[in-house]
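# Architecture at a glance
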Amino acid sequence: GIEIRLNDHPFPKTDVVFMDFRQSDPEPSDGDMGALPTAWRVPSFLYTLPKLSDPDVVFVEETCLVARVQVPFDELRRRLLRRLTRMGIDVNSVEVLEEEASWIPLGGTLPKVPQRYLAYGAAAGFVHPASGYSITHSLSRADSVAAAVARGLRDTGAGDMRERSQLAVTEGWEELWGYEKRRQMGFYQFGMELIMSLRLPQLRNFFDTFFRLDRESWVGFLSHRLSGVGLLMFAFQTFLIADLDLRVRLVSHLASQSGAGQRLFEAYAKPLTDMLSGTEAADESHSSRPAMISPPSQVSASIDEDDDGIIVRKEPPQPSASSVFSNEQNAQALDGLPPGFQAADWWRVGVRDAPAAYGSPEAGGDWWSDG
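What counts, and where the lines are drawn
- Residues numbered from 1 in each chain as written.
- Predicted model: local features only at pLDDT ≥ 70, side-chain atom pairs only at ≥ 80, totals over all residues.
- Heavy atoms only, no water.
- Helix = DSSP H or I, 4+ residues; strand = E, 2+ residues; numbered from the N terminus.
- Buried < 20%, exposed > 50% of the residue type's maximum accessible area, 1.4 Å probe, protein only.
- Contact = heavy atoms within 4.5 Å.
- Areas by Shrake-Rupley, 256 points an atom, 1.4 Å probe, with all protein chains shown as cover.
- Pairing = 2+ DSSP bridges.
- Axes fitted to C-alpha atoms, helices over the stretch in contact; angles between N-to-C directions.
- Salt bridge = Lys/Arg side-chain N within 4 Å of Asp/Glu carboxyl O.
- Phe/Tyr/Trp six-rings, centres within 6.5 Å; stacked < 30°, edge-to-face > 60°.
- Expected span 1.5 Å × (residues − 1).
- Arc of directions from axis to C-beta.
- Bend = angle between axes of the 7 residues up to and from the residue.

## Overview of the overall build of the protein chain
Looking only at helices and strands, the protein chain has 11 helices and 9 strands in total. In the protein chain, which comprises 371 residues, the share counted as buried stands at 43%. Here the contacts in the protein chain between residues at least 6 apart in sequence split such that 70% fall between residues at least 24 apart. Just so you have it, the protein chain exposes about 19300 Å², and 54% of that area is on carbon and sulfur atoms.

Here it is as structure tokens:
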């Protein structure tokens, strides 16, 4: 995104534009994608934020809501400049006051507990997989988590301070990710993967349906306020008001080869499966791998447990997010997909056969069409 100064710019002077999904690039035509004819351009939207103290200054940002592989910043910048040009703005004469770039990893496995240390906020998996929001949710849960930690520290029957400290950590994790919270996150990840599978026209249809729900429902979804049962009611209401195309896509997503439906079922059935297997709630962990995390081969196995069953990590549990995304962008290139594109089998990044009909990128070459 860039903050620009432009006299009489065409953007609202007092209102924020949240999501403008009008696109500056055409979708690829038949044959443009070579061996991957079902590929499409990952949708992105324009976000604008005016500076109230200066009507000629506005922040404009091109953002991808969610993608299996990170859309490179250069591609988003290209889309933004192309968008501004098509709006009649001479991008070469615009005064750029500031430029920023950021990405937020969405989805992934929840923390395995118990652990020796207590995490919180984004580090504890609080990022909403379908929106990227986390700050308000983190603030809203601070009191209950703090109370759980204090309860563990005050338990005089737990032993010395070291033992009470570990009990406090365990209490904190149980408050953070009990069964109900895992059900919620399982539903949100299902929604994230649904959004990820939609092309632009389908995504517009989805949001049109989403915001036709009553305000309590869609606000509750975005703010983590709906319970696991409430989220199922949310899904039922969405299905009722959706058109036939979206209904088919919702049902198809449940049975998708990506495993989205299976992971949703596992999240809701976790109490039952733990009871049948004799596993205590404190030993919960996700056994299935959502779409947005690194493959098992990239995850470090250098993990031991001490005498109390507390995880002791000798190395980070997995590579850094930046390393994962870099590796996945390279894998996508070998799959024959240009930056910013996605195929129908989006979950198979890095495991497709390298297409012979689509060449590898050349130094200095462009993998997109100016349309």
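## Details of the sheet that holds strand E6 (residues 95-99)
One open sheet accounts for 5 strands, arranged E2-E4-E5-E1-E6; its pairing is antiparallel. The open sheet is flanked by strand E2 (17-20) and E6, the only strands paired with a single partner. On average, adjacent strands in this sheet sit at an angle of 25° to one another, irrespective of strand direction. In this sheet, strand E5 (residues 57-63) lies alongside strand E4 (residues 45-50) in antiparallel orientation, the contact comprising 6 bridges. Pairing of Tyr47 across the sheet is with Glu61, part of E5.

## Regarding the pattern of salt bridges
As enumerated under the stated definition, the model contains 14 salt bridges in all. Across the pair Glu95 and Arg5 runs a salt bridge whose closest N-O atoms are separated by 3.5 Å. With Glu95 in strand E6 and Arg5 in strand E1 (residues 2-5), the pair connects residues that are 90 residues apart, well separated along the chain. Judged by relative accessible area, which is 41%, Glu95 ranks as partly exposed. Residue Arg183 is joined to Glu180 by a salt bridge in which the shortest nitrogen-to-oxygen separation is 2.9 Å. With Arg183 and Glu180 both in helix H5 (residues 179-196), this residue pair falls 3 residues apart, about one helical turn. Looking at Arg183, the relative accessible area reads 19%, which means it is buried. Within this structure, Arg5, Asp54 and Glu95 form a network of salt bridges that share partners.

## What to know about the packing of aromatic side chains
Evaluation of the coordinates by the stated rule reveals 16 aromatic pairs. With a centroid separation of 5.5 Å and an interplanar angle of 90°, the aromatic rings of Trp346 and Trp347 are classed as edge-to-face. Owing to a relative accessible area of 26%, Trp347 belongs among the partly exposed residues under this scheme. An aromatic cluster is present here, built from Phe21, Phe45, Phe187, Tyr188, Phe206, Phe207, Phe210, Phe211, Trp218, Phe221 and Phe234 joined pairwise through their rings.

## Remarks on unusual backbone geometry
One non-glycine residue, Asp8, lies in positive phi territory at about 55°. Phi is positive for His224, which is not a glycine, with a value near 65°. Here His224 lies in the loop between helix H7 (215-222) and helix H8 (228-241). Note on His224: relative accessible area 8%, which makes it buried.

## Things to note about H8
Taking 1.5 Å of rise per residue, the 14 residues of H8 would be expected to cover 20 Å, and the 21 Å separating its terminal C-alpha atoms lies within 8% of that figure. Of the positions making up H8, those classed as buried are Gly228, Leu231, Phe234 and Thr238. On an axial view of H8, the arc spanned by its buried residues comes to 105°, and they lie on one face. In this structure, the buried residues of H8 make contact with H5, helix H6 (200-210), H7 and helix H10 (260-277).

## Re H10
Roughly 65° is the biggest bend found in H10, and it falls at Ala269, with proline Pro271 one to four residues downstream. Of all the positions in H10, only Ala260, Gly261, Arg263, Leu264, Ala267, Ala269, Lys270 and Asp274 are classed as buried. In the segment just after H10, Gly278 is the residue with positive phi, at about 80°.

Read these as layout, nothing more, since geometry by itself doesn't imply function.
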